[in-house]
Amino acid sequence: MRAIAFLGLLLIARQAYAHYIFDTIIYGSKSSTKAIRKPAENAPVHNYTGSEITCNINTSKATQTVSIAAGSKITMELGEKKTIYHPGPVTIYLGKAPSKAADWEGTGKRWFKIAEWGPNLNPFSFNNIIGKSTFTVTIPKEVLSGEVKGALFIS
C-alpha cells in the first residue's frame, strides 16, 4: 500500500445554519487533534471569492502531519461532543499538496471528492446524518503517495 501524509484542512459550513467543527481524525488505532486546522469560530463565510472560503476565518495551523496508507479508513469526529442536528449534505475532499501539506493554504484546483452523505430519496430526508458525530471513509487506493490535505464540507 502507498502511504500518504495527511494534514487535515477543515473547511467549515457553507450555509448559515451549519455550525460544526470537526476536531479529530481517527486513523487505524490512532487519533489526532493536532493534524486538524481549526477555525477560531464557526461563523458562516460570506466572501465566497476570497481566501476565507478555503478554511474559514482565523484558522489555526495544524501542528502534526499523519501518515495514512491509501486504502485505509479514516474517521472525522465532531468536537465538543456535538452531533449533526440539521439537514444538509456532508462531503469529504482530498487535495494534492504542491509540496508539503503543512505549507499549503489549500488554494487552487487540486481537490477531489472521496465521500458524500446526502439525502435519502423516497421519502426525502436527511435522517442518515442527523444525530451522527462521526463520518468514516476509505482513502481511495488510487491516491498516489505524497502529501495531501483533507477537507470536510457541511452544507
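All figures in this text were calculated on a predicted structure; none of them were measured in a lab. (Residues numbered from 1 in each chain as written. Predicted model: local features only at pLDDT ≥ 70, side-chain atom pairs only at ≥ 80, totals over all residues. Heavy atoms only, no water.)

### Describing the overall build of the protein
- When helices and strands are tallied, the protein shows one helix and 10 strands.
- The linear arrangement of helices and strands in the protein, starting from the amino end, is β-β-β-β-α-β-β-β-β-β-β.
- Residue burial in the protein is summarised as follows: out of 155 residues, 44% are buried.
- By sequence separation, contacts in the protein at least 24 residues apart represent 75% of the contacts at least 6 residues apart.
- Approximately 8100 Å² of the protein is accessible, and the part contributed by carbon and sulfur atoms is 53%. (Helix = DSSP H or I, 4+ residues; strand = E, 2+ residues; numbered from the N terminus. Buried < 20%, exposed > 50% of the residue type's maximum accessible area, 1.4 Å probe, protein only. Contact = heavy atoms within 4.5 Å. Areas by Shrake-Rupley, 256 points an atom, 1.4 Å probe, with all protein chains shown as cover.)

### Topic: unusual backbone geometry
- A positive phi angle is found at E80, which is not glycine, with a value near 55°.
- Position of E80 among the secondary structure elements: in the loop between strand 6 (73-78) and strand 7 (90-96).
- Among the residues examined, E80 registers a relative accessible area of 64% and is labelled exposed.
- The phi dihedral of K81 falls on the positive side, at around 55°, and the residue is not glycine.
- The residue K81 is located in the loop between strand 6 and strand 7 in this model.
- Residue class for K81 comes out exposed when judged on its relative accessible area of 83%.

### Digging into the nonpolar core
- Ranked by internal contacts, the top residues of the largest apolar core, which has 26 residues, are I25 and W117.
- At the level of secondary structure, the elements contributing two or more residues to this core comprise strand 2 (22-27), strand 5 (66-69), strand 6, strand 7, strand 8 (111-117) and strand 9 (134-138).
- When neighbours within four sequence positions are excluded, W117 is seen to be in contact with P89, V90, I92, I129, K132, F135, T136 and V137. (Core = buried A, V, L, I, M, F, W, Y, C linked by side-chain atoms within 4.5 Å.)

### Notes on the sheet that holds strand 3 (residues 30-32)
- Here we have four strands laid out as an open sheet, ordered 3-2-6-9, and antiparallel in their pairing. Each having just a single partner strand, strand 3 and strand 9 make up the two edges of the open sheet. Here the average twist between neighbouring strands, direction ignored, is 20°.
- Strand direction decides the pairing type here: strand 6 and strand 9, joined by five bridges, are antiparallel. Paired with T75 across the two strands is T136, which belongs to strand 9. (Pairing = 2+ DSSP bridges. Axes fitted to C-alpha atoms, helices over the stretch in contact; angles between N-to-C directions.)

### Topic: the confidence of the model for the protein
- Per-chain confidence: the protein averages 78 in pLDDT, with 84% of residues scoring 70 or above.
- The low-confidence segment residues 9-18 (pLDDT under 50) makes 44 contacts with residues lying over four places distant or belonging to another chain. (pLDDT = per-residue confidence, 0-100.)

### Brief notes about the pattern of salt bridges
- A complete count under the given rule lists four salt bridges for this structure.
- In this structure, E105 and R37 form a salt bridge, with 3.2 Å as the shortest nitrogen-oxygen distance. In this pair, E105 sits in the loop between strand 7 and strand 8 while R37 sits in strand 4 (residues 36-37), placing the two residues 68 residues apart along the sequence.
- Note that E80 and K82 form a salt bridge whose closest N and O atoms lie 3.5 Å from each other.
- Here K82 falls in the partly exposed class, since its relative accessible area comes to 31%.
- Connected through shared salt-bridge partners, R37, K61 and E105 make up one network. (Salt bridge = Lys/Arg side-chain N within 4 Å of Asp/Glu carboxyl O.)

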